[in-house]
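The chain contents come next:
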Amino acid sequence: MKNLIKKYDLAPHPEGGYFKEIYRSGQTLESPVTGETRNWVTHIYFLLIQGQISRFHRVIHDEIWNFYKGDPIQLIQFNLTGITEERMGPGCNGYAAIVPGNTWQAAVTTGRYSLVGCTVAPGFDFSDFSFLRDTPGEQERFRAEKTGYDHLL
């Protein structure tokens, strides 16, 4: 995996894994959610290797995941209707997944590694990002679901 980290110039991501932003639109708009200026769209490479997790977090805008290389990735989403799980990659139903804005999400590779791309629109800004573990009311609701995913907090 070190060769992928070097090839794509990836750095550690706060949620886990490695990433590199490869596109940030030069055009801006007012976010309908925050009322603040955001780029139209952003895109990153995101790598999870065996033993790493993408901790439960949320982005306030919609996010599209695209599978590129490696073993399938399992994407877990948590919202008001409960938990959903899907796998992307070889042998799965598809190579893309949608995470609606304000949905808690986490991910794990099912094998040695998974390289994906994540597109956010309006564009990603860390001020629009939060961890489930830092949101007591939501964490309590999550734990009440008894999902078996507490290790992803």
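This structure is a prediction, so every number in the text was calculated from the model and none was measured.

### Digging into the environment of Leu4
Turning to step 1, where the next piece is worked out: Within the secondary structure, Leu4 sits in helix H1 (residues 2-7).
Turning to step 2, where the next piece is worked out: When its relative accessible area of 6% is taken as the criterion, Leu4 is described as buried.
Turning to step 3, where the next piece is worked out: C-alpha separation for the pair Leu4 and Tyr18, spaced 14 residues apart in sequence, amounts to 9.9 Å.
Turning to step 4, where the next piece is worked out: Among residues more than four places away in sequence, those in contact with Leu4 are Leu10, Leu47, Lys69 and Tyr113.

### Thoughts on the packing of aromatic side chains
Turning to step 1, where the next piece is worked out: Using the criterion set out here, one finds 10 aromatic pairs in the structure.
Turning to step 2, where the next piece is worked out: Each ring, one from Phe46 and one from Trp65, has its centre 6.1 Å from the other, and the planes form 85 degrees; the classification is edge-to-face. Of this pair, Phe46 sits in strand S5 (residues 42-49) while Trp65 sits in strand S7 (residues 62-70), and the two are 19 residues apart along the sequence. This pair shows no difference in class: Phe46 is buried, exactly as Trp65 is.
Turning to step 3, where the next piece is worked out: Taken together through their ring pairs, the aromatic side chains of Phe124, Phe126, Phe129 and Phe131 make up a single cluster.

### Quick word on the pairing of strand S9 (residues 82-88)
Consecutive side chains along a regular strand alternate between the two faces of the sheet.
Turning to step 1, where the next piece is worked out: For strand S8 (residues 73-79) and S9, the ladder comprises seven bridges, and the chain directions are antiparallel. Across the sheet, the residue bridging to Ile76 is Glu85, located in S9.
Turning to step 2, where the next piece is worked out: Between S8 and S9, which pair antiparallel one after the other, the connecting turn spans two residues.

Scoring rules and cut-offs
- Residues numbered from 1 in each chain as written.
- Predicted model: local features only at pLDDT ≥ 70, side-chain atom pairs only at ≥ 80, totals over all residues.
- Heavy atoms only, no water.
- Helix = DSSP H or I, 4+ residues; strand = E, 2+ residues; numbered from the N terminus.
- Buried < 20%, exposed > 50% of the residue type's maximum accessible area, 1.4 Å probe, protein only.
- Contact = heavy atoms within 4.5 Å.
- Phe/Tyr/Trp six-rings, centres within 6.5 Å; stacked < 30°, edge-to-face > 60°.
- Pairing = 2+ DSSP bridges.

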